[in-house]
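# Per-entry structural report
Residues per chain, in single letters:
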Amino acid sequence: MGMDWMAVLQKKNQLAKIVEVNRVTEKYGLTLSEKEAELILGEKNNALKAQRRVEFGEGITPKIIYEFCDSDFIDQNNYVDTLIRLQEIFYAYKNEMQDEISDDELLHFMREQFDQVCYGDLGYLEGTCLTIFAQAIRAGYSGHKASEGYGGYGDFDEVKRWDRDLYLEALYDLF
């Protein structure tokens, strides 16, 4: 009986924290109802079970919300689905990286790639950027520690990006 009471109290506190985040996200046109917050928490618990992880305290969800709320690729229409998917991706890659990276470093990396490389494509974030990053982490890459997860993806990115120099090189080859 004591465990049920503790679980209910923890859920109530987590819901309150997620809804409280609305004060910050409102200025970006993003809000969560209590029902949406409950859905996000339920999906978080499913992701934790699927990844065989345990979480204490307020959890990662408020941090994800704070990290991503001002992204140009998130709006009210995709907000809940995006948060649910980001939670799933986060937990999967904490496992893939064997917890060799802090929560904040992983979130910073995810956000930077989400905006600058993936342009809001969660499939590309998970299937390419995070897969390559996880391989680098498991191989001993530690550059993320000094930068707190920012920058550095270009050091091990296998995909040559279209940029000004590449454009000029291609143009030169044509003429």
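Residues numbered from 1 in each chain as written. Predicted model: local features only at pLDDT ≥ 70, side-chain atom pairs only at ≥ 80, totals over all residues. Heavy atoms only, no water.

Mapped onto the secondary structure, Lys-94 falls in helix H5 (residues 79-96). Taking the relative accessible area as the measure of exposure, Lys-94 reaches 6% and is therefore buried. Those residues in contact with Lys-94 that sit more than four places away from it in its chain are Arg-53, Asp-99, Ile-101, Ser-102, Asp-103 and Leu-106. (Helix = DSSP H or I, 4+ residues; strand = E, 2+ residues; numbered from the N terminus. Buried < 20%, exposed > 50% of the residue type's maximum accessible area, 1.4 Å probe, protein only. Contact = heavy atoms within 4.5 Å.)

Here we take up the packing of aromatic side chains. For any two aromatic rings, the description comes down to two numbers: the centre-to-centre distance and the angle of the planes. Summed over all chains, the structure comprises five aromatic pairs. Ring centres 5.4 Å apart and planes at 80° place the aromatic pair Phe-68 and Phe-114 in the edge-to-face group. Taken as a pair, Phe-68 in helix H4 (residues 61-68) and Phe-114 in helix H6 (residues 103-116) lie far apart in primary sequence, 46 residues in all. Taken as a pair, Phe-68 and Phe-114 share a single burial class, namely buried. (Phe/Tyr/Trp six-rings, centres within 6.5 Å; stacked < 30°, edge-to-face > 60°.)

Purely geometric numbers; function is a separate question.
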